[in-house]
Amino acid sequence: QVQLVESGGGSVQAGGSLRLSCTFSGDGFSIYTMGWYRQVPGKERELVASFHGSDGTMYSDSVKGRFTISRDSSKNTAYLQMEMLQPADTGVYYCTTYQFGIRKWGQGTQVTVSS
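Cut-offs applied
- Residues numbered from 1 in each chain as written.
- Predicted model: local features only at pLDDT ≥ 70, side-chain atom pairs only at ≥ 80, totals over all residues.
- Heavy atoms only, no water.
- Helix = DSSP H or I, 4+ residues; strand = E, 2+ residues; numbered from the N terminus.
- Rg over C-alpha atoms; globule rule 2.2 N^0.38 Å.
- Buried < 20%, exposed > 50% of the residue type's maximum accessible area, 1.4 Å probe, protein only.
- Contact = heavy atoms within 4.5 Å.
- Areas by Shrake-Rupley, 256 points an atom, 1.4 Å probe, with all protein chains shown as cover.
- Lys, Arg positive; Asp, Glu negative; His and termini not counted.
- Charge placed at Lys NZ, Arg CZ, Asp CG, Glu CD.
- Phe/Tyr/Trp six-rings, centres within 6.5 Å; stacked < 30°, edge-to-face > 60°.
- Lys NZ or Arg CZ within 6 Å of the ring centre and 35° of its normal.
- Disulfide = S-S within 2.5 Å.

Asker: Can you walk me through the overall build of the protein chain in this structure?
Answerer: On a plain count of helices and strands, the protein chain comes out with zero helices and 11 strands. Starting at the N terminus, the α and β elements of the protein chain follow one another as β-β-β-β-β-β-β-β-β-β-β. Relative to a compact globule of 115 residues, whose C-alpha radius of gyration would be 13 Å, the protein chain shows 13 Å and is just as compact. Based on the C-alpha atoms only, the size of the protein chain along its principal axes is roughly 40 × 30 × 25 Å. Relative to its full complement of 115 residues, the protein chain shows a buried share of 38%. Taking the contacts inside the protein chain whose residues are at least 6 apart along the sequence as the reference set, 53% of them involve residues at least 24 apart. When the accessible area of the protein chain is evaluated, it comes to approximately 6200 Å², of which 50% is carbon and sulfur surface. Both charge centroids of the protein chain, one from 10 positive and one from 9 negative side chains, sit 2 Å from each other.

Asker: I'm lost on the packing of aromatic side chains in this one. Help?
Answerer: For any pair of aromatic rings, geometry is given as the distance between the ring centres together with the angle between the planes. Applying the stated criterion to the full structure yields two aromatic pairs. Here phenylalanine 24 and phenylalanine 29 contribute two aromatic rings whose centre-to-centre distance is 5.2 Å and whose plane-to-plane angle is 25°, an arrangement assigned as stacked. Take phenylalanine 24: its relative accessible area is 7%, and that puts it in the buried class. Ring geometry for tyrosine 37 versus tryptophan 105: centroids 5.1 Å apart, planes at 75°, classification edge-to-face. Of this pair, tyrosine 37 sits in strand 4 (residues 35-39) while tryptophan 105 sits in strand 10 (residues 102-105), placing them 68 residues apart in sequence. A relative accessible area of 17% means that tyrosine 37 is categorised as buried. In this structure, arginine 19 packs its charged tip against the face of tyrosine 79, placed 3.9 Å from the ring centre.

Asker: Looking at this structure, I do not really get the environment of threonine 57. What am I missing?
Answerer: Looking at where threonine 57 falls in the secondary structure, it is placed in strand 6 (residues 56-59). Through-space distance from the C-alpha of threonine 57 to that of threonine 68 is 8.8 Å; in sequence the pair is 11 residues apart. Ignoring anything within four residues of it in the chain, the contact list for threonine 57 reads Ser50, Phe51, His52 and Ile69.

Asker: Sorry if this is basic, but what is going on with the state of the cysteines here?
Answerer: Each disulfide consists of a covalent bond between the sulfur atoms of two cysteine residues. Using the criterion set out here, one finds one disulfide in the structure. Across a sulfur-sulfur distance of 2.0 Å, cysteine 22 and cysteine 95 are joined as a disulfide pair. A torsion of -80° about the S-S bond marks the disulfide between cysteine 22 and cysteine 95 as left-handed. One end of the pair, cysteine 22, is in strand 3 (residues 18-24); the other, cysteine 95, is in strand 9 (residues 91-99), with 73 residues separating them in the sequence. Here cysteine 95 falls in the buried class, since its relative accessible area comes to 0%.

Asker: Before we go on, may I ask you to explain unusual backbone geometry in this structure?
Answerer: Despite not being glycine, methionine 84 shows a phi value in the positive range, around 50°. Take methionine 84: it is sitting in the loop between strand 8 (77-82) and strand 9. On the basis of relative accessibility, which here comes to 52%, the residue methionine 84 falls in the exposed class. A positive phi angle is found at phenylalanine 100, which is not glycine, with a value near 50°.

In structure tokens, the structure reads:
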């Protein structure tokens, strides 16, 4: 019944890399509105990266130049390639998009970066 699922989180040392994946299933989802947020305890969930319009992308200032959002429409999947990870990148990463105009969230995947 879960229709939006993230994977690829884990533990890595500072300077390392991870690739997150988010796949949707079912009717009414749009790959063009997919994005990634992250959340740490006691903090608001914040935007990390998202698609903008049909071809563009947007990134948080803190991840520009290190993270890349991409998609594979044939697989209904968005990716977040994370390079040069820092301890401040630690958090639960959530995939989001819209289904029939309603915001949907994945279950989250933990990313832990040690120094």
